[in-house]
Amino acid sequence: MTNRILVLGGDGYLGWPLVIRLARRIPQAKIVIIDSEFRRKMVRYSGFAPLYPVEALPGRVKALSDIYGIRNVDFILGDINEKDFLPGILKRYRPHTIFHLAHQCSTPFSMLDLEHAIFTVQNNVEGGLKLLYAMREFAPNAHLIQMGSFGEYARGGIEIAEGYFVPDYLGVAADTPMPYPRRADDIYHVSKINSSNFLMMASRHWGLRITEIMQSTIFGLHTDETIGKPALYTRFDYDHVFGTVLNRFITQSISGFPLTVYGNGKQRTGLMSLSSSVSSLASLVGKSPKIGEHKVINHSTESGYTVGGLARFIQQEFVDANVNIEVDYSHDPRAEINHPDDQSTVNTEYLDLMPKRKFCDEVRDFWSHVNQAGRLIKQEYFAPSSSKKFEI
Ligand SMILES: NC(=O)c1ccc[n+]([C@@H]2O[C@H](COP(=O)([O-])OP(=O)(O)OC[C@H]3O[C@@H](n4cnc5c(N)ncnc54)[C@H](O)[C@@H]3O)[C@@H](O)[C@H]2O)c1
């Protein structure tokens, strides 16, 4: 078997530190980044920029070589949706593991209008389908590790099973595990649900080996490899379109901007640090499921917070930091009003995969890393505005 690993979306927030970890952990493997630079372009077109400037891919790969002597990383600029692109890549590299992170993953972007909705669906659903067809033909034994989202699961006040469960209806238990219900209120998460459906089909009918990561919201700036090495920093977006909740709250609190809680703040969010997510994902190489198995992992280390509760936690945690942290409930760009109290808890058999430090320690470290760049934070990125259009 060849020793090649593809990382689709390897230029992104999660993908780049994952590439670094894989390259160092498995020096005998060739790590190939495939990315269209879609995320870079969209953030730029929409008038935002990440907290720290991010080098273009050739510069990033050179920095890996200069700083760590890493020479087993290659990159190819390309769109996985382009006709014949993925079959060519799989024929050329014959990988044993494929990480698929190449999605359009901004909810506000996906909800802007029909054009952005269709783009998101085509990029995420068709792109994934093209990958599955290419794997079926050219890499049927490869292990696909694909990023799903925790936000796909329907919340109904019961424990969230790990992908599949055995339901009981009118007193009769099902005779086979069935997919745990999915439900979403935005186009991005519906596109993730549809992608999950194709994964289930491709494992059952085509015998592909698939691990799907139901990823909770990621926060943080660093992994062990990037601290103190600006040329290796991952992209860190904190604006209201591309920034995720805790990344926004931390930058808002440092710059003295009120924490923008959308809707009534009762929506529950799973959380996981960037460092923990990268470690867990990298450890999956070599742990291929059986032929035809669709293994699902609920990837979350912190599931006790609602969005409003998280804002209160930040207020209390940094009360001694000489900044006045207020919480603002007046924005509701995703029509998230009137969320019921969500008591859903999370089940996972794989907690041992996910290294976890005390949440308050992780958040404090994160705060102090971002604080060093406090003067770079642009407050005008925070307030949601509905008028913004993106060129796609
Ligand atoms: N960040 C989170 O909190 C979070 C939470 C749950 C799930 N996820 C999932 O994790 C994955 C990675 O997320 P991220 O935060 O790193 O996002 P990101 O946008 O930073 O990374 C995605 C990368 O994929 C690339 N890409 C997108 N479409 C492409 C295409 N058609 N062809 C080639 N490259 C393409 C982008 O340019 C980008 O570099 C996504 O699948 C996302 O849905 C992320």
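Refer to the structure above for everything that follows.
Presented here is an overview of the structure given in this document.

The rules we used
Here, residues in each chain are numbered from 1, in the same order as that chain's written sequence. The model is predicted, so local features are restricted to residues of pLDDT at least 70 and side-chain atom pairs to those at 80 or more, both for listing and for counting; the totals for chains, interfaces and linings are taken over all residues. A run of H or I in DSSP counts as a helix once it spans at least four residues, and a run of E counts as a strand once it spans at least two, with each numbered from the N terminus. Here the globule rule reads 2.2 Å times residues to the power 0.38, and the radius of gyration is calculated from C-alpha atoms. Labels follow a simple rule on C-beta atoms placed from the backbone: if 20 or more others lie within 10 Å of a residue's own, it is buried; if 12 or fewer, it is exposed; otherwise it is partly exposed. Working definition of a contact: two residues with C-beta atoms, positioned from the backbone, lying within 7 Å. The rule for pairing is simple: two strands pair if DSSP sees at least two bridges between them. Helix axes are fitted only over the stretch in contact, all axes being lines through C-alpha atoms; the angle between N-to-C directions runs from 0 to 180 degrees. By convention here, the C-beta atom is placed from the backbone, and a residue is near a molecule or strand when that atom is within 6 Å of it. Under the definition applied here, buried Ala, Val, Leu, Ile, Met, Phe, Trp, Tyr and Cys residues are grouped into a nonpolar core through C-beta atoms within 7 Å. Roughly parallel here means an angle under 35 degrees, roughly antiparallel means over 145, roughly perpendicular means 65 to 115, and every remaining angle is called oblique. Each crossing is labelled by how the near helix is turned from the far one, with a counterclockwise turn of less than a right angle marking it left-handed and a clockwise turn marking it right-handed. Nonpolar residues are Ala, Val, Leu, Ile, Met, Phe, Trp, Tyr, Cys and Pro. Charged residues are Asp, Glu, Lys and Arg, and all others, Gly as well, are polar. To estimate how far a helix should reach, multiply one less than its number of residues by 1.5 Å.

## Concerning the overall build of the protein
So, point 1. Per the secondary structure count, the protein includes eleven helices and 16 strands.
So, point 2. Taking 392 residues into account, the globule formula puts the C-alpha radius of gyration at 21 Å, and the protein, at 20 Å, falls close to it.
So, point 3. Each of the 392 residues in the protein was classed as buried or not, and the buried ones make up 45%.
So, point 4. Pairs at least 24 apart in sequence give 84% of the contacts found in the protein among residues at least 6 apart.

## A few points about the pairing of strand E5 (residues 143-149)
So, point 1. Where burial is concerned, most of E5 is hidden: seven out of the seven residues are buried.
So, point 2. Pairing geometry for strand E4 (residues 97-100) and E5, over four bridges, is parallel. Considered in E5, the bridge of Ile-98 is made with Leu-144.

## Points about the sheet that holds strand E1 (residues 4-8)
So, point 1. Spatially, the seven strands line up as an open sheet ordered E3-E2-E1-E4-E5-E10-E14, and their pairing is parallel. Edge positions in the open sheet fall to strand E3 (73-77) and strand E14 (294-299), since each of these has one partner strand only. Neighbouring strand axes in the sheet, compared pairwise and without regard to direction, differ in orientation by 20 degrees on average.
So, point 2. As judged from the six bridges shared by strand E10 (residues 209-215) and E14, these two strands associate in the parallel manner. Note on E14: the bridge partner recorded for Met-214 is Asn-298.

## Regarding the site of the ligand
So, point 1. Around the ligand, the structure places 28 residues, and the nearest of them are Gly-9, Gly-12, Leu-14, Ala-102 and Cys-105.
So, point 2. If you list the elements that add at least two residues to the shell around the ligand, you get strand E2 (30-35), helix H2 (38-45), helix H6 (114-138), E5 and strand E11 (217-219).

## As for unusual backbone geometry
What you tend to see is this: most non-glycine residues have negative phi, and most peptide bonds are trans.
So, point 1. In this structure, Arg-94 is a non-glycine residue whose phi angle is positive, near 45 degrees.
So, point 2. Relative to the helices and strands, Arg-94 is located in the loop between helix H4 (85-93) and E4.
So, point 3. By C-beta crowding, Arg-94 is classed as partly exposed, having 13 other C-beta atoms within 10 Å.
So, point 4. The phi dihedral of Leu-170 is positive, around 50 degrees, even though this residue is not glycine.
So, point 5. The residue Leu-170 is located in the loop between strand E7 (168-169) and strand E8 (172-173) in this model.

## Details of the nonpolar core
So, point 1. Ranked by size, the top nonpolar core spans 84 residues in total, and within it Leu-6, Val-7, Leu-8, Leu-18, Val-19, Phe-99 and Met-135 carry the most contacts.
So, point 2. For this core, the leading source of residues is helix H1 (residues 15-25), giving six residues.
So, point 3. Among the nonpolar cores identified, the runner-up in size contains seven residues, and Val-43, Phe-109, Val-241 and Phe-242 belong to it.

## Section: the environment of Val-121
So, point 1. With respect to the helices, strands and loops of the structure, Val-121 is situated in helix H6.
So, point 2. Separated by 74 residues in the primary sequence, Val-121 and Ser-195 have C-alpha atoms spaced 9.4 Å apart.
So, point 3. Look past the residues within four positions of Val-121 in its chain and what remains in contact with it is Ile-187 and Ser-191.

## Here's the deal with the environment of Ala-142
So, point 1. Tracing the chain through its elements places Ala-142 in the loop between H6 and E5.
So, point 2. The spacing of Ala-142 and Asp-79 is 63 residues in sequence and 21 Å in space, taken between C-alpha atoms.
So, point 3. Sequence-distant contacts of Ala-142, that is, excluding residues within four places in its chain, are made with Pro-95, His-96, Thr-97, Ile-98 and Met-135.

## Let's talk about the packing of H6 against helix H7 (residues 187-206)
So, point 1. Contact geometry of H6 with H7 gives a least axis separation of 9 Å together with a crossing angle of 15 degrees. When the interaxial angle is binned, H6 and H7 end up roughly parallel. In this structure, the crossing between H6 and H7 has a hand that is right-handed. Of H7, the residues touching H6 (which contributes Ala-117, Thr-120, Val-121, Asn-124, Val-125, Gly-128, Leu-129, Leu-132 and Arg-136) are Ile-187, Tyr-188, Ser-191, Lys-192, Asn-194, Ser-195, Phe-198, Ala-202 and Trp-206.
So, point 2. Taken together, the residues that form the contact of H6 with H7 break down as ten nonpolar, six polar and two charged.

## A look at the sheet that holds strand E15 (residues 302-306)
So, point 1. Taken in spatial order, the three strands make up an open sheet running E11-E13-E15, and their pairing is mixed. Strands with a single pairing partner mark the edges of an open sheet, and in this sheet they are E11 and E15. Shown here is a sheet whose adjacent strand axes are inclined to one another by a mean of 45 degrees, direction ignored.
So, point 2. Taken together, the three bridges between E11 and strand E13 (residues 268-273) define a ladder with parallel strand orientation. Looking across to E13, one finds that Ile-218 is bridged to Met-272.
So, point 3. Most of the contacts of helix H8 (residues 245-255) go to E11, to which it runs at about 35 degrees, and overall it touches E11 and E13.

## Structural notes on H6
So, point 1. Spanning 25 residues, H6 covers 35 Å between terminal C-alpha atoms, matching the ideal 36 Å at 1.5 Å per step.
So, point 2. Every buried residue of H6 is listed here: His-116, Thr-120, Asn-123, Asn-124, Gly-127, Gly-128, Leu-131, Leu-132, Ala-134 and Met-135.
So, point 3. The inward-facing, buried residues of H6 abut H4, E4, helix H5 (107-110), E5 and H7.

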